[in-house]
There are 2 protein chains.
Amino acid sequence: MLSKKTQYAFHALIHLAEHADKGPILISEIAQEKNISIKFLENILLELKNAGILGSKKGKGGGYYLLKAPKEIPLAKIIRLLDGAIALLPCVSLNYYERCENCRDEAVCGLNDVMSKVRDATLKILENKTLKDILTRNVSIL
Amino acid sequence: MLSKKTQYAFHALIHLAEHADKGPILISEIAQEKNISIKFLENILLELKNAGILGSKKGKGGGYYLLKAPKEIPLAKIIRLLDGAIALLPCVSLNYYERCENCRDEAVCGLNDVMSKVRDATLKILENKTLKDILTRNVSIL
DNA sequence: CATAAACTCTATAAAAAGGATAGACTTTTT
DNA sequence: AAAAAGTCTATCCTTTTTATAGAGTTTATG
């Protein structure tokens, strides 16, 4: 299950993409529209900014905005950023690998084998689907 | 990511299946072999017993044993039992569904749509692969 | 039938994660 | 200069996860 943080991030990114034509968007607008605690959302948007996905403008008329086109933002990237590993086991994670401490040899572990297949099936979707693919409205510009 | 509980459960079940010919297996034997805290493992095996997957025998010469053939135990069942939902979002879970509180209409939510696909791809593997498929040794009997 | 072996059950506690809040600070516009 | 708005750090509370302790119950067996 994805953490609340990642779930909120997706909803916020969707809102930002669907209103990209309106310039910087207020955190408070997103929070209200998507029913998310404003302060918690603040932290999340900040993380997305530090990761180079969002930009922000301070002062009056400020807010957050996408730095990239939605089609350039794979869903897997957002999950890894906020949640870490996508795989079900540390020993089959591509980006957050950890050695298995409960089995003798990962190379012949049947569990490792099956979970690798799950990982591949999941990544095939999450690495190819982007923010653009989950937008509700048609955003012709991006 | 699967919880430690589920990870340990898989390793314990593998051990039980691979030594099914030896009668009841001691908790302590599994704990030592798989490098798991004995008391924590105790709780896990008890849950598996209460779910009808394992049987136990008390007293001297006692221990735990499988109640079903490994090929009758889908991996998805174990995960759902100990971890709950397999899906990445509550709103796409088949067994632990919860309404989405951040979007207006799940029926037209792009996130819901993609995550349903991830769920289906994952379940296609986890519901068809069984304990038998992750055994390291050949257990001809079962 | 006493004893030791082994699972059962309940309670507790430590650690980590998740979720939320507060408030001072900085930047920008007007 | 003042107001608007985002930035940043620190803290706090709750829940979940992981782990441990110990008393209780059952059973084999000598």
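Residues numbered from 1 in each chain as written. Chains lettered and ligands numbered in written order. Predicted model: local features only at pLDDT ≥ 70, side-chain atom pairs only at ≥ 80, totals over all residues. Heavy atoms only, no water.

- Named according to an unreviewed UniProt entry, chain A is Rrf2 family protein originating from Chitinophaga filiformis.

### Considerations on the protein's contact with DNA strand C
Stage number 1. The full set close to DNA strand C counts 26 residues, and Lys4(A), Lys39(A), Lys49(B), Ser56(B) and Tyr64(B) are the nearest of them.
Stage number 2. One of the backbone nitrogen or oxygen atoms of Gly59(B) is found 3.3 Å away from a sugar or linking oxygen of DNA strand C.
Stage number 3. Tallied by class, the residues present in the surface near DNA strand C amount to 7 nonpolar, 8 polar and 11 charged. (Near = heavy atom within 4 Å. Polar contact = N/O pair within 3.5 Å; in protein donor to acceptor, adjacent residues only side chain to side chain. Nonpolar A, V, L, I, M, F, W, Y, C, P; charged D, E, K, R; others polar.)

### Concerning the protein's contact with DNA strand D
Stage number 1. Within the structure, DNA strand D sits among 28 residues, and Glu42(A), Ser56(A), Tyr64(A), Ser37(B) and Lys39(B) are positioned closest to it.
Stage number 2. Among all atoms of DNA strand D positioned within 4 Å of the protein, those belonging to sugar or phosphate total 65%.
Stage number 3. Within the contact set of DNA strand D, a base nitrogen lies 2.7 Å away from a side-chain nitrogen or oxygen of Glu42(A).
Stage number 4. Contact distances for DNA strand D include 3.3 Å between a phosphate oxygen and a side-chain N or O atom of Lys49(A).
Stage number 5. Secondary structure elements with two or more residues in the surface near DNA strand D: helix H3 (38-50), strand E1 (54-57) and strand E2 (63-66) of chain A together with helix H1 (4-18) and helix H3 (38-50) of chain B. (Helix = DSSP H or I, 4+ residues; strand = E, 2+ residues; numbered from the N terminus.)

### Some remarks on the domain arrangement of chain A
Residues and elements named next belong to chain A.
Stage number 1. Domain assignment breaks chain A into domain 1 (4-70) and domain 2 (75-126).
Stage number 2. Averaged C-alpha coordinates put domain 1 and domain 2 at centres separated by 29 Å.
Stage number 3. Every contact between the two is made by 11 residues of domain 1 and, on the other side, 7 residues of domain 2.
Stage number 4. Carbon and sulfur atoms supply 76% of the area buried between domain 1 and domain 2, which totals about 770 Å² over both sides.
Stage number 5. Among the residues domain 1 hides against domain 2, the three largest losses belong to Thr 6, Phe 10 and Ile 53. Together they make up 52% of the total.
Stage number 6. Taken together, domain 1 and domain 2 are joined by 0 salt bridges.
Stage number 7. Summed over the shared surface of domain 1 and domain 2, the number is 1 residue pair in polar contact (both at pLDDT 80 or more).
Stage number 8. Those elements that place two or more of their residues in the side of domain 1 that touches domain 2 are helix H1 (4-18) and H3.
Stage number 9. At 5 residues, the largest contribution of residues to the side of domain 1 that touches domain 2 is made by H1.
Stage number 10. A breakdown of the residues in the side of domain 1 that touches domain 2 according to their chemical character gives 7 nonpolar, 1 polar and 3 charged. (Domains from an automatic or database assignment. Contact = heavy atoms within 4.5 Å. Buried area = accessible area lost by both parts, 1.4 Å probe. Salt bridge = Lys/Arg side-chain N within 4 Å of Asp/Glu carboxyl O.)

### Here's the deal with the relation of the copies chain A and chain B
Stage number 1. When chain A is fitted to chain B, the best match, at an RMSD of 0.1 Å, comes from turning it 180° and sliding it 0.0 Å along the axis. Taken together, the turn and the small shift mark the pair as related by a two-fold rotation axis. Judged by C-alpha distance, Ala121(A) is the residue of chain A that lies nearest the rotation axis, at 3.0 Å.
Stage number 2. Residue by residue, 100% of the interface of chain A is reproduced at the interface of chain B, so both copies engage with the same surface. (Least-squares fit on C-alpha atoms with pLDDT ≥ 70 in both.)

### Let's talk about the interface of chain A and chain B
Stage number 1. Each side of the interface is counted separately: chain A has 37 residues, and chain B has 37 residues.
Stage number 2. Interface area for chain A against chain B, summed over the two sides, is near 3,300 Å², with a carbon-plus-sulfur share of 68%.
Stage number 3. When the buried surface of chain A facing chain B is broken down by residue, Met1(A), Asn102(A) and Leu111(A) rank first, second and third, together holding 21% of it.
Stage number 4. Counting every contact that joins chain A to chain B gives 2 salt bridges.
Stage number 5. With a closest N to O distance of 2.8 Å, Glu33(B) and Arg104(A) form a salt bridge.
Stage number 6. Scanning the region where chain A abuts chain B turns up 8 residue pairs in polar contact (both at pLDDT 80 or more).
Stage number 7. Where the side of chain A that touches chain B is concerned, the elements lending two or more residues are H1, helix H2 (27-34), helix H4 (75-83) and helix H5 (110-126) of chain A.

### Looking at the pairing of strand E2 (residues 63-66) of chain B
Remark: a regular strand shows side chains that alternate across the two faces of the sheet.
Residue and element names in this part refer to chain B.
Stage number 1. Pairing between strand E1 (residues 54-57) and E2: 4 bridges, direction antiparallel. Across the sheet, residue Lys 57 finds its bridge partner in E2, namely Gly 63.
Stage number 2. In this structure, the hairpin formed by E1 and E2 is closed by a connection of 5 residues, where Gly 59 is found at a positive phi of approximately 75°. (Pairing = 2+ DSSP bridges.)

### What about the pattern of salt bridges?
Oppositely charged side chains are able to pair whenever their charged atoms sit close together.
Stage number 1. Applying the stated criterion to the full structure yields 12 salt bridges over all chains.
Stage number 2. Between Glu47(A) and Lys5(A) there is a salt bridge; the shortest N-O distance is 2.9 Å. Here the residue Glu47(A) occupies a position in helix H3, and Lys5(A) occupies one in helix H1, the gap between them amounting to 42 residues.
Stage number 3. The class for Glu47(A) is partly exposed, based on a relative accessible area of 27%.
Stage number 4. Among the residues examined, Lys5(A) registers a relative accessible area of 27% and is labelled partly exposed.
Stage number 5. With a closest N to O distance of 3.2 Å, Asp113(B) and Lys117(B) form a salt bridge. One end of the pair is Asp113(B) and the other is Lys117(B), both in helix H5 (residues 110-126) and 4 residues apart, which spans about a single turn. (Buried < 20%, exposed > 50% of the residue type's maximum accessible area, 1.4 Å probe, protein only.)

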